[in-house]
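Each chain is listed here by its residues.
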Amino acid sequence: MTSGTGPARHTVRDRSHALLRRHGVSVIFGNPGSNELPFLQDLPDDVDYVLGLHEGAVVGMADGYAQATGRPAFVSLHAASGTGNAMGALTNAVSSHTPLVLLAGQQVRATLGLEPMLANVDAALLTRPLTRWSSEPACATDVPRALNQAFAEAVRDGGGPVYLSVPYDDWDRDAAPGDRHLLGRSVVECRDAPEPVVAGLVERLDAAAHPVLVLGPTLDTGAGYAAGVRLAEALGAAVWVSPSTHRMPFPNRHPLFRGVLPAAVAHVSELLAGHDLVLVAGAPVFRYHQHVPGDYLARGTHLVHLTDDGGEAARAPMGEAVVADVVGTLTRLADGVRPRGVAVGAYTEPAPARAGGDGRLDPEEVFATVRETAPADTAYVVESTSTNAAFWAQMDLRQPQSYFWPASGGLGFGLPAAVGVRMGLGERPVVALVGDGSANYGITALWTAAQQRVPVVFVILNNGTYGALRWFADLLGVPKAPGLDVPGIDFVQLGQGYGVPSARASDVAGLRRLLAEGLASDGPSLIEVPTTLTTPH
Ligand code: TZD
Ligand code: CA
């Protein structure tokens, strides 16, 4: 790094690599092109490059990894085309508040006006509105500062994806001497709710005759999970999980658990009627899906909304919002409320699973077999849309970080995210439960799992159709919609083609055996299960 006897010379590249380490990056998820190669030169030895074969899978893996580690994940994308391929996956990362730093390679600065091949025209606009911040620095010397800003932007206000485009000739330029300050920077968000606010909430909860809790994804951490359980038990209050949840912040067999709220205005309002106070914590109010208009809340029901995200508070159509650290505030509420001494009762048991027939398993049998076979600390990445009700009917999840689902419903999350979640969680077993339709959007993640030997058990529920869309077609009165069936796909051959040991299970005993083998393996495995058609609700 030194030239002659002069001062140390630093390039934009080596300052940027140093910043990656400073931000704890040990993995780059990427798919490269010529614009990206100069950045990848001389990567530090302790930074691994994990290659994904399609940018949707790259971002899905990074999303799972960031959600599992709770830290920003770093992604390298190829110019505009690679970014375009990644955008569907970005919709999920926005809704899950996943901190992702995306770096895309740009053509040489001096040539951009000519719009050469691989120029990313108006690069900073390309990912908006999905990214909360995006930039192409005005000159090479601003690149390290902008990269540092990207990491800070990715974690503020609950987290989200950010995008940085850098012309590839910038990396070899001299860094500004002042850049050394970047390496010592930190940004600390202090979002503790002031004491009078917490005391006011405690008073509201204590005064409520029939309070109910609606808990959301932000609480799916060790401390958040514990606070939710303690607060619910102290109040003897029913607990719902927020509509369209992508994480499970409460044990689903807990006697106070009532279910995941349906994602429709009228249905939520009906289910919460009779409660005088609804405390929503760590979720938007609310993330609806199915359009069933009505009043948001019944008369006499008041809503208090606790969120990390000022945007969520601003757009809610009802309730009094408090924007503060959700986990910390809920913990203080659990400490502060008057325990009501309500006998809470025992955890509930799943009902016997519905059975399939003719070589097809009912999804309930699949989930019951998984529940009985997989260790209690297994994490599930779920993307099987018509089997939602069957999943919750059969599963028994008692630990934080046990459930990951595409937060915006953008398919292609399941297979890649399972790879990232397993890499991020370390030793916990990971099972992906993915529909035959969904699997195709992220299928290339199987290759990365095989190459990196990531021990995920991929279970493909194959009913030969877009089951959830059949249900929706019925609901919306479109009985003859085209394009809903996906017959003739052999996932055993696809899995093997990508290097993942794969087999088919056509009965419970076979599934049990393959699951046990997969869970004992130190590499990935795939099980295709022919299943019967069910409805999501
Ligand atoms: N494309 C993308 C990227 N995301 C989507 N959500 C859809 C299309 C639309 N879609 C749904 O919302 S559910 C679904 C589609 C195509 C069917 C998924 O089929 P599956 O699961 O086999 O994975 P089920 O259980 O058969 O519904
Ligand atoms: Ca299907």
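On a predicted model such as this, the values are computed, not experimentally measured, just so you know.

### Considerations on the sheet that holds strand β6 (residues 161-167)
Moving on, step 1. Spatial strand order, β2-β1-β3-β4-β6-β5: 6 strands in an open sheet with parallel pairing. Strands with a single pairing partner mark the edges of an open sheet, and in this sheet they are β2 (48-51) and β5 (133-135). On average, each strand axis in the sheet is tilted by 20 degrees relative to the strand beside it, whichever way the strands run.
Moving on, step 2. The pairing of strand β4 (residues 100-106) with β6 spans 7 bridges and is parallel. Along β6, the bridge assignment pairs valine 101 with valine 162.

### Comments concerning the coordination of the calcium ion (ligand 2)
Moving on, step 1. The coordination sphere of the calcium ion (ligand 2), as far as protein atoms go, consists of Asp436 (OD), Asn463 (OD1) and Thr465 (O), spread over 2.1 to 2.3 Å.
Moving on, step 2. Look at where the donors of the calcium ion (ligand 2) fall in the sequence and you get D-x26-N-x1-T. With aspartate 436 in helix α15 (residues 436-441) and threonine 465 in the loop between β16 (456-462) and α17 (467-475), this residue pair connects regions lying 29 residues apart in the sequence. With respect to class, aspartate 436 is no different from threonine 465; both count as buried.

### Focus: the site of ligand 1
Moving on, step 1. Taken together, 17 residues sit near ligand 1, with Thr385, Ser386, Asp436, Ser438 and Ala468 positioned nearest.
Moving on, step 2. Taking glycine 409, its main chain carries an N or O atom lying 2.7 Å from a nitrogen atom of ligand 1.
Moving on, step 3. Take aspartate 436: an N or O atom from its side chain is 2.7 Å from an oxygen atom of ligand 1.
Moving on, step 4. Isolated, ligand 1 exposes 590 Å² of accessible area, and the fraction of that covered by the protein chains is 77%.
Moving on, step 5. Every element with two or more residues in the shell around ligand 1 is listed here: α15 and α17.

### Brief notes about α17
Moving on, step 1. Those residues of α17 that fall on the buried side of the exposure criterion are Gly467, Ala468, Trp471, Phe472 and Ala473.
Moving on, step 2. Looking one or two residues beyond α17, the residue adopting positive phi is glycine 477, at roughly 70 degrees.

### So, a nonpolar patch on the surface
Moving on, step 1. A grouping of Leu475, Leu476 and Val478 is seen on the molecular surface, where their side chains present a nonpolar patch of about 270 Å² in accessible area.
Moving on, step 2. Positionally, leucine 476 belongs in the loop between α17 and α18 (491-497).
Moving on, step 3. Using a relative accessible area of 61% as the deciding quantity, one classes leucine 476 as exposed.

### Observations concerning the packing of helix α1 (residues 12-22) against helix α6 (residues 143-155)
Moving on, step 1. Close contact between α1 and α6 brings their axes to 9 Å; oriented N to C, the two are set at 20 degrees. When the interaxial angle is binned, α1 and α6 end up roughly parallel. The handedness of the crossing between α1 and α6 comes out as right-handed. On α6, the residues that touch Val12, Arg15, Ser16, Leu19 and Leu20 of α1 are Val143, Pro144, Leu147, Asn148 and Phe151.
Moving on, step 2. Looking at side-chain class alone, the contact of α1 with α6 contains 7 nonpolar, 2 polar and 1 charged residues.

### Digging into the sheet that holds strand β9 (residues 257-260)
The strands making up a sheet associate through backbone hydrogen bonding, with each pair oriented either parallel or antiparallel.
Moving on, step 1. The strand order β9-β8-β7-β10-β11-β12 describes an open sheet built from 6 strands, whose pairing is parallel. Where the open sheet ends on each side, the last strands, each with one partner, are β9 and β12 (320-323). Neighbour-to-neighbour, the strand axes of the sheet open up by a mean angle of 20 degrees, direction not taken into account.
Moving on, step 2. Pairing of strand β8 (residues 238-241) with β9, which is carried by 3 bridges, proceeds in the parallel orientation. In the strand pairing of β9, valine 241 is matched with valine 260.
Moving on, step 3. Packing of helix α8 (residues 222-235) onto the sheet brings it into contact with β7 (211-215), β8 and β10 (277-281), and relative to β7 it is tilted by some 165 degrees.

### A word on the packing of helix α12 (residues 363-373) against helix α19 (residues 508-520)
Moving on, step 1. At a minimum axis distance of 10 Å, the contact between α12 and α19 shows a crossing angle of 45 degrees. Put simply, α12 runs oblique to α19. Seen along the crossing, α12 lies across α19 with a hand that is right-handed. Contacts between α12 and α19 pair Glu365, Val366, Thr369, Val370, Glu372 and Thr373 from the former with Val508, Leu511, Arg512, Leu515, Ala516 and Leu519 from the latter.
Moving on, step 2. Along the lines of polarity and charge, the residues of the contact of α12 with α19 split into 7 nonpolar, 2 polar and 3 charged.

What counts and how
Residues numbered from 1 in each chain as written. Chains lettered and ligands numbered in written order. Predicted model: local features only at pLDDT ≥ 70, side-chain atom pairs only at ≥ 80, totals over all residues. Heavy atoms only, no water. Pairing = 2+ DSSP bridges. Helix = DSSP H or I, 4+ residues; strand = E, 2+ residues; numbered from the N terminus. Axes fitted to C-alpha atoms, helices over the stretch in contact; angles between N-to-C directions. Donors = N, O, S within 2.8 Å, 3.2 Å for Na, K, Ca; no water. Buried < 20%, exposed > 50% of the residue type's maximum accessible area, 1.4 Å probe, protein only. Near = heavy atom within 4 Å. Polar contact = N/O pair within 3.5 Å; in protein donor to acceptor, adjacent residues only side chain to side chain. Areas by Shrake-Rupley, 256 points an atom, 1.4 Å probe, with all protein chains shown as cover. Patch = residues over 30% accessible without salt bridge, like charges linked within 9 Å, V, L, I, M, F, W, Y side chains within 5 Å. Salt bridge = Lys/Arg side-chain N within 4 Å of Asp/Glu carboxyl O. Parallel < 35°, antiparallel > 145°, perpendicular 65-115°, else oblique. Left-handed = near helix turned anticlockwise from the far one by under 90°. Contact = heavy atoms within 4.5 Å. Nonpolar A, V, L, I, M, F, W, Y, C, P; charged D, E, K, R; others polar.

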